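Reading the structure
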Amino acid sequence: MSEKALHAGVIGVGSMGQNHARVYNELADAELVGIADADQSRAEQISEQYDTTAYTIDELLSRTDMVSIAVPTRYHSDVARQCIDAGVDLLIEKPFVGTPAEGRDLIQRAEERDVVMQIGHIERFNPAVRALMGMIDELDIIGISVERMGPPPSRSIEDTAVMDLMIHDVEILLAIVDDPVASVQATGNHDGRYAESLLEFESGVIGRLSASRVTQRKIRKLSISAESCWVELDYINQSVEIHRQSTSEYVNRGDIHHRHANVVERLSIDQTEPLKNELASFATAVRNHEQPVVSGEDGLRALELTQSIDRLVSESDTEQQSSPFSYSAVD
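Positions within a chain are numbered from 1, following the residues in the order the chain's sequence is written. Totals for whole chains, interfaces and linings use all residues, but because this is a predicted model, local features are given only for residues with pLDDT of at least 70 and pairs of side-chain atoms are given and counted only at 80 or more. Side-chain metrics rest on all non-hydrogen atoms present in the structure, leaving aside hydrogens and water.

**Quick word on the overall build of the protein**
- Looking only at helices and strands, the protein has 9 helices and 13 strands in total.
- Only protein chains enter the accessibility calculation, which uses a 1.4 Å probe; a residue is then buried when its area is under 20% of its type maximum, exposed when over 50%, and partly exposed in between. Among the 331 residues that make up the protein, the fraction classed as buried is 47%.
- The criterion used for residue contact is that any of the two residues' heavy atoms lie within 4.5 Å. Of the contacts formed within the protein by residues at least 6 apart in sequence, a portion of 67% connects residues at least 24 apart.
- With an accessible surface of roughly 16,400 Å², the protein has 45% of that area assigned to carbon and sulfur atoms. A run of H or I in DSSP counts as a helix once it spans at least four residues, and a run of E counts as a strand once it spans at least two, with each numbered from the N terminus. Values of accessible area rely on a 1.4 Å probe in the Shrake-Rupley scheme; residue burial ignores everything except the protein chains shown.

See below:
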């Protein structure tokens, strides 16, 4: 492939797909040549906004080197197959697909057609996560705790809090620990809008995840308990703090006191837009025809574990609704 700008397209221009169109318009390595959407009026509106053209999917694929798929999850598999059959490299927004079987089929098809396929787990491209991943090998991890909470969304979302929110952190935990999961526990309520999960990896690392659409404050934090330190990452502020104990001593001031001195290190992080980092990385993988940062296999692992959690949450929520707890007070 020559060094000219890659021809990029977006299939599905809802709120997320529109952002893909915007970023492709800003990337030096890519040129937005068109979009496609089942809603023709929406497609025309967005194409005018970003000075591009609305096409059918087949027309778009005949004009592009790479596309983002940002349609509802139930259509991911069908649209992805069209792209692979056309030989166009693709990025599929998370969740990867509706079922693991669909995911395995797409992975095989992409390999057979020699097509680059990246899964859109955007938090892997958050500058704070990138900084954290650079130091993971230095940590003897004991446990990881994640909170991804917020108020009810203003737009309608098909997926549960687990499939829409927690899946981000499931994928991050799998990347950090890189070890098989030995056990999964989960519970939830409010029709899947609040969920908690406890994971145990074969290495002994414990992961605790919380996701909520009913919390009146937006929180996106990950913390790691390690043998030598405690690490806190804030996805929103794009910050990483490392808390270490540097000294422990006895001080004689009349009475003897035991004192601990703690040191807080703050990693130097260049704050950038995760989506721009993600699409720039995708463009690099396409240009160099190399394995993307988040592969189909990565997306499939995250999907399988997240769906297991979601099933447990659904069962828990149903049991709570059908079998309410009651007691009799005794004077």
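**Topic: the nonpolar core**
- Here, nonpolar core means buried Ala, Val, Leu, Ile, Met, Phe, Trp, Tyr and Cys residues that are tied together by side-chain atoms lying within 4.5 Å of each other. Ranked by internal contacts, the top residues of the largest apolar core, which has 39 residues, are Leu132, Leu139, Ile144, Ile176, Leu222, Ile224 and Val231.
- Non-local contacts of Ile176, meaning those with residues more than four positions away in its chain, are made with Leu132, Met133, Ile136, Ile141, Ile144 and Leu222.
- The next biggest cluster of nonpolar side chains, apart from the first, holds 29 residues, and it includes Ala36, Ile84, Leu106 and Met117.

**Digging into the packing of helix α4 (residues 76-85) against helix α5 (residues 100-113)**
- Relative to each other, α4 and α5 sit at 10°, their axes nearing to 10 Å. Compared by their axis directions, α4 and α5 come out roughly parallel. Between α4 and α5, the contacting residues are Ser77, Ala80, Arg81, Ile84 and Asp85 on the first element and Glu102, Asp105, Leu106, Arg109, Ala110 and Arg113 on the second.
- When grouped by side-chain class, the residues that make up the contact of α4 with α5 number 4 nonpolar, 1 polar and 6 charged. Lines are fitted to the C-alpha atoms to define the axes, a helix being fitted only along its stretch in contact, and any angle between axes, read from their N-to-C directions, falls within 0 to 180 degrees. For this classification, under 35 degrees means roughly parallel, over 145 means roughly antiparallel, 65 to 115 means roughly perpendicular, and everything else is oblique. Under the convention adopted here, Pro, Cys and the residues Ala, Val, Leu, Ile, Met, Phe, Trp and Tyr are nonpolar, Asp, Glu, Lys and Arg are charged, and Gly plus all remaining residues are polar.

**A look at the side chain of Arg124**
- Along the polypeptide, Arg124 turns up in the loop between β5 (117-120) and α6 (127-133).
- Looking at Arg124, the relative accessible area reads 15%, which means it is buried.
- Those residues in contact with Arg124, other than ones at most four positions away along the chain, are Val129, Arg130, Glu171, Ile172, Ala175, Val293 and Val294.

**Details of the pattern of salt bridges**
- By salt bridge we mean one thing: a side-chain nitrogen of Lys or Arg within 4 Å of a carboxyl oxygen of Asp or Glu. Per the stated rule, a full pass over the model turns up 16 salt bridges.
- The partner of Lys276 in a salt bridge is Glu26, with the nearest N and O atoms 2.9 Å apart. Of this pair, Lys276 sits in helix α8 (residues 274-288) while Glu26 sits in helix α1 (residues 15-26), placing them 250 residues apart in sequence.
- One salt bridge connects Arg104 with Glu304, and the closest N-O pair in it is separated by 3.0 Å. One end of the pair, Arg104, is in helix α5; the other, Glu304, is in helix α9 (residues 296-322), and 200 residues separate them in sequence.

**Thoughts on the side chain of Arg287**
- Looking at where Arg287 falls in the secondary structure, it is placed in helix α8.
- Polar contact is defined as a pair of N or O atoms within 3.5 Å, subject to the rule that within protein one atom must be able to donate a hydrogen and the other to accept it, and that residues adjacent in sequence are counted only when both atoms are side-chain atoms. A distance of 2.7 Å separates the side chain of Arg287 from the backbone oxygen of Lys4, its partner in a polar contact.

**Section: the packing of α1 against α8**
- The interhelical angle for the contact between α1 and α8, taken along N-to-C directions, is 65°, at an axis separation of 10 Å. The orientation of α1 with respect to α8, classified from their angle, is roughly perpendicular. Between α1 and α8 the crossing geometry is right-handed. Counting all contacts with α1, which are made through Met16, Asn19, His20, Arg22, Val23, Tyr24 and Glu26, the residues of α8 involved are Leu275, Lys276, Leu279 and Phe282.
- Residues belonging to the contact of α1 with α8 are distributed by class as follows: 6 nonpolar, 2 polar and 3 charged. Helix crossings are classified by the rotation of the near helix relative to the far one: an anticlockwise turn of less than a right angle makes the crossing left-handed, while a clockwise turn makes it right-handed.

Function cannot be read off these values alone, since they describe shape.
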